[in-house]
Amino acid sequence: MAAIRRIAGGFAVPLGSVVFAFIVGGLIVAVTGGNPFAAYQGLLCGGLGIACSTTTGENPALQISTTIVFFTPLLMAGVAVALPFRAGLFNIGAEGQLLAGSVACTIIGIKFSSLPAPILLPMVLIGGTLAGAIWAGVPGVLKATIGAHEVVTTIMLNYVAQWLVRFLIVGGPLQAANGFSASSPIGAGARLPLFLPNTPGLVIFGLPAGVYRVHTGLLIGLAALVVFAVLLWRTSLGYEIRAVGQSQRAARYGGINVARTIIITMLIAGAFSGLAGAIQIAGVDHNLTDKYFNDTTGFDAIAVALLGLGSAVGILFASILFGALHAGGSVMQADAGISSSLVQILQALILFSIAANFLRVLRLPAFRRRPSAPAPTAPAAALMTEAAKAPPAETT
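Residues numbered from 1 in each chain as written. Predicted model: local features only at pLDDT ≥ 70, side-chain atom pairs only at ≥ 80, totals over all residues. Heavy atoms only, no water.

A. View of the packing of helix H2 (residues 36–48) against helix H3 (residues 60–86). At their nearest, the axes of H2 and H3 sit 5 Å apart, and the two run at 75° to each other. Classified by the angle between their axes, H2 and H3 sit roughly perpendicular to one another. Every residue of H3 that contacts H2 at Cys-45, Gly-46, Gly-47 and Leu-48 is listed here: Gln-63, Ile-64 and Thr-67. Across the contact of H2 with H3, the residue classes tally to three nonpolar, four polar and no charged. (Axes fitted to C-alpha atoms, helices over the stretch in contact; angles between N-to-C directions. Helix = DSSP H or I, 4+ residues; strand = E, 2+ residues; numbered from the N terminus. Parallel < 35°, antiparallel > 145°, perpendicular 65-115°, else oblique. Contact = heavy atoms within 4.5 Å. Nonpolar A, V, L, I, M, F, W, Y, C, P; charged D, E, K, R; others polar.)

Okay, here's the thing in structure tokens:
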């Protein structure tokens, strides 16, 4: 029973935050003249393939596959934010690190497009991983050496990455010869295989197999989640990361090199995010396009890490939720006539609720902690200290 209570208590804040967001989101839809039940039915259909209307023609299998495509990069980007959390660092730069990985994957995939897949595919994935690690390593070094706050430096590097992508594909060296705001496609050997082959005439669940875009990057994302859990809880480095997050002074007193731990943590976090960007190019898009100007995967990862409370299992479920929201937004807009911007509202409300719980501004009544005993006042503390002293020795 104690274990069950502990697990239930761990899920209380995330579940309460999600319920709070959906209730407020429903009220917003109702106040603006929409039907919240129809809106959420569209989200369920588009995200999880549940409660789809027979009149709208959505294919549940296709909607589930779309959710998987959305949630795959969120797994690794969520880890890229959650790992620094454990070290007391706030990595706001997962988006920039993801873009750095995307750019590196694209460059390698174009320049070496003639290489066979057994050579080129590992090259693009490793290249994206290293690019993300370097991008995050810069704020890590600045934090460890001169104390520059990682929030400021990572945010600035997000802008650098976004404008670097613009420079490269809008009149830049990667722009396609006959295109605009897009790069040339990567070589065939740099592309991740799909689970379902794009074979002409092959029909699965009533649709051609080629429309299901689920790729083997899903396996890499799940493996990254396992690596994160093992690293954090089964290695000495994970212990050092958690110790630094609890107290840098205590960790330093215990013999841990705090500066080294900060740098390594940011390098690993950037590697996860860069790998997410490389997988997005190799598995889904196959080239850089103008959609990366406004990509939000790295920013969504902040909400995923917070909602998942920094745990591997929590990140998995949070990634599924946010992937389903993204996939269901377009279906909701088409079927219920509710703007897909409601998805961003729900994400913001979830993030607000979690942050409010962390700041103890908003506490859900059912999960409120029992009040602790008040600390003794200063005079009482002085009397207790005086009473604890040994009595003076008697004189003869």
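Right, picking up where we left off after that structure.
B. Representation of a nonpolar patch on the surface within the structure. On the surface, Phe-11, Leu-15, Leu-44, Leu-48, Ile-50, Val-313, Phe-317 and Ile-320 cluster together to form a nonpolar patch covering roughly 700 Å² of accessible area. Contributions of two or more residues to the nonpolar patch are made by helix H1 (2–31), H2 and helix H12 (312–336). Here the nonpolar patch takes three residues from H12, the largest share from any one element. Along the chain, the position of Leu-44 falls in helix H2. (Patch = residues over 30% accessible without salt bridge, like charges linked within 9 Å, V, L, I, M, F, W, Y side chains within 5 Å. Areas by Shrake-Rupley, 256 points an atom, 1.4 Å probe, with all protein chains shown as cover. Salt bridge = Lys/Arg side-chain N within 4 Å of Asp/Glu carboxyl O.)

C. Spatial organisation of H12. Helix length check: H12, at 25 residues, gives a terminal C-alpha distance of 34 Å against a target of 36 Å (1.5 Å per residue), a fit within 8%. In H12, a bend of some 35° at Gly-328 exceeds every other bend along the element. At the exit of H12 stands Gly-337, carrying a positive phi of roughly 70°. (Expected span 1.5 Å × (residues − 1). Bend = angle between axes of the 7 residues up to and from the residue.)

D. Representation of the nonpolar core in the model. Counting residues in hydrophobic clusters, the biggest one holds 75 residues, and the most contacted among them are Val-124, Leu-125 and Phe-228. A per-element tally of this core places helix H10 (residues 258–285) first, with eleven residues. Look past the residues within four positions of Val-124 in its chain and what remains in contact with it is Cys-105, Ile-108, Gly-109, Ala-190 and Ala-278. In this structure, Leu-43, Leu-325, Val-343 and Leu-346 belong to the second largest nonpolar core, which totals ten residues. (Core = buried A, V, L, I, M, F, W, Y, C linked by side-chain atoms within 4.5 Å. Buried < 20%, exposed > 50% of the residue type's maximum accessible area, 1.4 Å probe, protein only.)

E. Local environment of the packing of aromatic side chains. Tallying each qualifying case throughout the model produces three aromatic pairs. Judged by centre distance (5.1 Å) and plane angle (55°), the rings of Phe-22 and Tyr-40 are tilted. Taken together, the residues span a long stretch of sequence, with Phe-22 in helix H1 and Tyr-40 in helix H2 at a distance of 18 residues. Residue Phe-22 is classed as partly exposed on the basis of its relative accessible area of 23%. Of the residues examined, Tyr-40 reaches a relative accessible area of 19% and is grouped as buried. Over the ring of Trp-163 we find Arg-166, and its NZ or CZ is 4.7 Å from the ring centre. Residue placement shows Arg-166 over the ring face of Phe-293; its charged tip is 4.3 Å from the ring centre. (Phe/Tyr/Trp six-rings, centres within 6.5 Å; stacked < 30°, edge-to-face > 60°. Lys NZ or Arg CZ within 6 Å of the ring centre and 35° of its normal.)

F. Inspection of the environment of Ala-259 at higher detail. Mapped onto the secondary structure, Ala-259 falls in helix H10. Exposure remark for Ala-259: the relative accessible area of 30% places this residue in the partly exposed category. Each C-alpha atom, one on Ala-259 and one on Leu-142, is 9.9 Å from the other, the two residues being 117 residues apart in sequence.

G. Spotlight on the state of the cysteines. Overall, the coordinates contain one disulfide when judged by the stated rule. There is a disulfide in this structure between Cys-45 and Cys-52, and the S-S distance comes to 2.1 Å. Here the disulfide of Cys-45 and Cys-52 is right-handed, its torsion about the S-S bond being about 100°. Looking at Cys-52, the relative accessible area reads 22%, which means it is partly exposed. (Disulfide = S-S within 2.5 Å.)

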